[in-house]
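Take a look at the letters that make up each chain.
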Amino acid sequence: AQSVAQPEDQVNVAEGNPLTVKCTYSVSGNPYLFWYVQYPNRGLQFLLKYITGDNLVKGSYGFEAEFNKSQTSFHLKKPSALVSDSALYFCAVRVPSKGGGYNKLIFGAGTRLAVHP
Amino acid sequence: ETGVTQTPRHLVMGMTNKKSLKCEQHLGHNAMYWYKQSAKKPLELMFVYNFKEQTENNSVPSRFSPECPNSSHLFLHLHTLQPEDSALYLCASSQIGLYTDTQYFGPGTRLTVL
């Protein structure tokens, strides 16, 4: 079965420290992976994606993610956390639809990031 | 976030009411999606419209009825809902055919069913 797991419900980080939000996946074929962020009372905002090429992907707001095929992981990282980074983060993997013609996103359950001053 | 807009942002309705959620995308995309986001549950894909044709219905109850009159507009018509239907309803759009077809989301409609 194709799935995405975010093993941590919440991650707590002090401002200025590096942060990591974990994601592992299970798909057949080459994975297309995404990270989205959701601020309170807002929709999901696209952060970054991995399709192919360099395993380190850079995205919006200073975030980056590292694709590791052997560990089937796509962890989100940032060198120095800000209080304003506090939000809900979703990892997703793209899979083909049953009928073809478009691709679906399977989302993880989300990880709440809390950055403390 | 202004690429995909949703109205209303908040909606409170009784179980016997009929209401509609509206989504509009300004990105020139050809596919639109409805998702349901409930507390402590992963996002659930409800409907997909590809080139205005419904291509997926994820076993959604018939009290939810989608409509896609053109590639820029998507509606979700609601009738005789249940309290467990209270959730954040998210609309998204993407350009199918591109290598990545990244989905872009609207701000959502927070629905409360009394």
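Refer to the preceding data block for the structure.
Residue numbers here run from 1 along each chain, matching the order of that chain's written sequence. Chain letters start at A and ligand numbers start at 1, both assigned in the order the entries are written. Owing to the predicted nature of the model, reporting of local features is limited to residues with pLDDT of at least 70; listing and counting of side-chain atom pairs is limited to 80 or more, with chain, interface and lining totals taken over all residues. Based on all heavy atoms of the structure, the side-chain values leave hydrogens and waters out of the count.

Further remarks concern the overall build of chain A. We count a stretch as a helix when DSSP gives it H or I for four or more residues in a row; a strand needs E for two or more, and each element gets its number in order from the N terminus. Along the backbone of chain A there are zero helices and 12 strands. Secondary structure of chain A in N-to-C order comes out as β-β-β-β-β-β-β-β-β-β-β-β. The globule rule is 2.2 Å times the number of residues to the power 0.38, and the radius of gyration it is compared with is taken over C-alpha atoms. Compactness check: chain A gives a C-alpha radius of gyration of 14 Å against a globular reference of 13 Å for 117 residues, within 12% of the reference. Considering only residue pairs separated by 6 or more positions, chain A has 55% of its internal contacts joining residues 24 or more positions apart. Residue contacts are counted whenever heavy atoms from the two residues lie within 4.5 Å of one another.

Take the overall build of chain B next. Of regular secondary structure, chain B possesses zero helices and 11 strands. Traced from its N-terminal end to its C-terminal end, chain B shows the element sequence β-β-β-β-β-β-β-β-β-β-β. Radius of gyration (C-alpha) of chain B: 13 Å, near the 13 Å computed for a compact globule of 114 residues. Dimensions of chain B, computed from C-alpha atoms along their principal axes, come out at roughly 40 × 25 × 25 Å. Looking at chain B residue by residue over its 114 residues, the buried ones come to 51%. In chain B, 53% of the contacts between residues at least 6 apart in sequence involve partners at least 24 apart. Relative accessibility thresholds used throughout: buried, under 20% of the residue-type maximum; exposed, over 50%; partly exposed, between the two (1.4 Å probe, protein chains only).

This part takes up the environment of B:Glu67. Residues and elements named next belong to chain B. Note on placement: Glu 67 falls in strand 7 (residues 64-70). Since its relative accessible area comes to 35%, Glu 67 is described here as partly exposed. Beyond its immediate stretch of four places on either side in the chain, Glu 67 contacts Tyr 49, His 73, Leu 74, Phe 75 and His 77. For this analysis, a polar contact is any N or O atom pair within 3.5 Å, provided that within protein one partner can donate a hydrogen and the other can accept it, and provided that sequence-adjacent residues contribute only side-chain to side-chain pairs. Looking at Glu 67, its side chain comes within polar contact range of the side chain of His 77, at 2.6 Å.

Further remarks concern the state of the cysteines. Put plainly, two cysteines are in a disulfide when a covalent bond ties their sulfur atoms together. The disulfide criterion is simple: two cysteine sulfur atoms within 2.5 Å. Summed over all chains, the structure comprises two disulfides over all chains. Covalent S-S linkage joins A:Cys23 and A:Cys91, the inter-sulfur distance amounting to 2.0 Å. Its S-S torsion of approximately -65° makes the covalent link between A:Cys23 and A:Cys91 left-handed. Of this pair, A:Cys23 sits in the loop between strand 3 (19-21) and strand 4 (24-26) while A:Cys91 sits in strand 10 (residues 87-96), and the two are 68 residues apart along the sequence. By relative accessible area, which is 0% here, A:Cys23 ends up buried. Of the residues examined, A:Cys91 reaches a relative accessible area of 0% and is grouped as buried. Disulfide pairing is shown between B:Cys23 and B:Cys91; the S-S distance is 1.9 Å. With the S-S dihedral at roughly -75°, the linkage between B:Cys23 and B:Cys91 falls on the left-handed side.

Bringing the pattern of salt bridges into the picture now. Salt bridge, as used here: a side-chain nitrogen of Lys or Arg that lies within 4 Å of a carboxyl oxygen of Asp or Glu. What the rule picks out here adds up to five salt bridges over all chains. Ionic pairing is found between A:Lys77 and A:Glu66, a salt bridge with its closest N-O pair at 3.1 Å. Of the two residues, A:Lys77 is situated in strand 9 (residues 73-78) and A:Glu66 in strand 8 (residues 64-68); the sequence distance between them amounts to 11 residues. Residue B:Glu44 pairs with B:Lys41 through a salt bridge whose shortest N-O separation is 3.4 Å. Classification of B:Glu44 by relative accessible area gives partly exposed; the value is 29%.

With that out of the way, let us pick up the pairing of strand 11 (residues 103-107) of chain A. Residue and element names in this part refer to chain A. Across the five residues of strand 11, four count as buried, placing the element largely inside the fold. Strand pairing requires that DSSP identify at least two bridges connecting the strands. Looking at chain direction, strand 10 and strand 11 are connected through five bridges and run antiparallel. Following the sheet pairing, Val 93 is matched in strand 11 by Ile 106.

Function cannot be read off these values alone, since they describe shape.
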